[in-house]
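# Tertiary structure, described
Single-letter residue listing:
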Amino acid sequence: MDQAVKSRLSSASGSLLANLKKYSAGIAGGIVAIVLAMSSFFTTELGYTYVVQDTLFGTIRVFSEPGVHFKVPLFSNVYTYNQAMTLNFGNQENGEVIKATRQLNEVEVQFADTYTARIPATFRFKLSADPKRIVAMHREFRSYDNLIDSLLLKNAKNVTVVTATQYTGEEFFQGGLNKFKVQLEDQLQNGLYQTERRQVEVEQTDLAAVSSENSDADRLEHKNQLVWKNIILQDDAGQAKRLANPLEAYGIQVRQVTIGRPIPEHRLDELLVKKKDLVAKRITAIQAQETARAEAKTAQLEKEIVKARAIQDAQRAKELAIISKQKEVEMERQQAELERVRKEKEKAVALLQKEKELDVATAERNIQKANAEAAKFAAQAIREKGLAEAEVAKANLLAKQAARDIYLAEIQRDIAQVMYPALKDTQINMPEYYVGDGSATPVSSLDVFTSLGAMDHLRKSMDPPRQN
C-alpha cells in the first residue's frame, strides 16, 4: 500500500516538474520576446540630436526631432547629443548649475606685460542641423562628453588665452574688457587671428622705485616700456588674416559669449588700486585747484563786471548825450529841409500856375485864331455863295431876256391856268361902250372884259369870308 502511494506520488511530482519546466520556458520566451520588441524602438525628445549606429548593417542615422523610431535589437547603439550646450568657466548664477552646462573654473590668462588674471566666462554653443556634419562630428568624437572635453572646452580656453595676449593687463582692466569680449566671440566663431609677436612701446603707469632720493613708495610714475604683444596681421583688403576654425567643419555655432568680473593677480590688483587712489587724489586736487581758480576767476569776473557796468553806464550817458545833440541837429536839419521843401513847393506851384495861365492864354489864342479863321472861311463861303447865287440869277435873267417871248408866253400860260378855271361860272355884263385909255394901241373889248373879270375873281378869293 505504501509502495503504491509512493509510486503515485513520484509520478505526480515528475509530471508537475515537467509542466513547470514547460511553463517556465514559455514565460522566459515571452519575456525575451517582449524585451526584444521593446528594444526594437526608441523615442527621441526635443532639444537633443540622436545618432543611431547599426553594427549589423553598418549604417548611421541621425534624428533631431521628437518621435518614435526603429532600431535593430542588440546591434544598434544610440548616442545622444545636446543640441545646445553651455561651458561655464567660473560664472555661477546664485550657485546653481544649469542643465546641459559644464561647470569649470575660471580661465587663467597671461597678458602681454606678464600680468596674469582669472577670467570667468560663459560660452554657449549650438550643434548643426545638417545630418552629414553630425555624422562627421560623431565619427571624430564618438560621444557627447568627448565632444565637450576634446573640442569645445579646449577651443574655448585656447581662444580666451590667445586673445588675452593681445592686451596688456593695465589696458585690459582700464576699458579694454568690452573690446576683448568682441574679439573673443569673433575668433571663436570665425577662427583665430593670425598674429605676429612684436615688441611695441606702450605707456604704462607703475609704482615708483624706492631709492635714497625717492622715499615715496606710493607714488606712481608714467613711463614708456617695450612689451611683447601679439599684433594682428592684415591682408591687402585691410581684413584680419585668420587660422582655420575647428568648429566650422562640424557646423557648430557660437550663440553667446559672456564675461564675468575678471580677477587680477595680487600685484596687478595692487597697482590698479594704488593708481585708482592716486588718480582719485589727483582728481580731488585738480578739482580743488579748479575750484580755487574758478573762485578767483569769479571774483575777478565780478570786479570786471562792476567795472564793465560803470564803463557801460558812462558810455551809455555819453551815447545818450550824443544822441540828444544828434537829435537836436537832426531836428534843425529836418526843419531847414522842410522849409526848403516848402519854398521849392511854392515856387513849383507858382511855376505851375504860370504855366497853366500860359497854357490857357495859348489855348484861348488858338481858339480865337481858329474862330477868326472859321469866320473868315464862313464869310468867304457866304461871299462865294452870294456870288454863285448872283451868277445863277444873272444866268436866269440872261436866259429870260434871251427868250423873252417864251418867258412871257409861260407867264400868260400860268395866268391862264389860274384865270380860266375861275371864269368858268362867271357872267360878264358887257357895257354898251368902252372908252380907250388914250394910248396909241386900241384895246379890244375882250381884253378888257377878261382882265377885269380875272381881277375881280382874284379879289374875292383873297378876301376872307364874312361871318353871318
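Located above this text is the structure these notes cover.
Residues numbered from 1 in each chain as written. Predicted model: local features only at pLDDT ≥ 70, side-chain atom pairs only at ≥ 80, totals over all residues. Heavy atoms only, no water.

The next point concerns helix H3 (residues 144–164). Spanning 21 residues, H3 covers 29 Å between terminal C-alpha atoms, matching the ideal 30 Å at 1.5 Å per step. Those residues of H3 lying buried are Tyr144, Leu147, Ile148, Leu151, Leu152, Leu153, Asn155, Ala156, Val159, Thr160, Thr163 and Ala164. (Helix = DSSP H or I, 4+ residues; strand = E, 2+ residues; numbered from the N terminus. Expected span 1.5 Å × (residues − 1). Buried < 20%, exposed > 50% of the residue type's maximum accessible area, 1.4 Å probe, protein only.)

Next up on the list: the packing of H3 against helix H4 (residues 169–190). Viewed as axis vectors pointing N to C, H3 and H4 meet at an angle of 135°, and their least axial separation amounts to 10 Å. Viewed along their axes, H3 and H4 adopt a mutual orientation that is oblique. The crossing of H3 and H4 is right-handed. Seen from H3, the contacting residues are Asn155, Ala156, Val159, Thr160, Thr163 and Ala164; seen from H4, they are Phe180, Gln183, Leu184, Gln187 and Leu188. Taken together, the residues of the contact of H3 with H4 break down into six nonpolar, five polar and no charged. (Axes fitted to C-alpha atoms, helices over the stretch in contact; angles between N-to-C directions. Parallel < 35°, antiparallel > 145°, perpendicular 65-115°, else oblique. Left-handed = near helix turned anticlockwise from the far one by under 90°. Contact = heavy atoms within 4.5 Å. Nonpolar A, V, L, I, M, F, W, Y, C, P; charged D, E, K, R; others polar.)

A few words now on the nonpolar core. Membership of the largest hydrophobic core comes to 42 residues, with the highest contact counts inside it found for Phe123, Phe125, Met137, Leu152 and Ile252. With nine residues, the top contributor of residues to this core is H3. Not counting residues up to four positions away in its chain, the partners in contact with Ile252 are Phe125, Lys126, Leu127, Met137, Leu147, Leu151, Leu152, Gln189 and Leu247. Counting five residues, the second largest nonpolar core, distinct from the first, contains Phe42, Tyr48, Tyr50 and Phe63. (Core = buried A, V, L, I, M, F, W, Y, C linked by side-chain atoms within 4.5 Å.)

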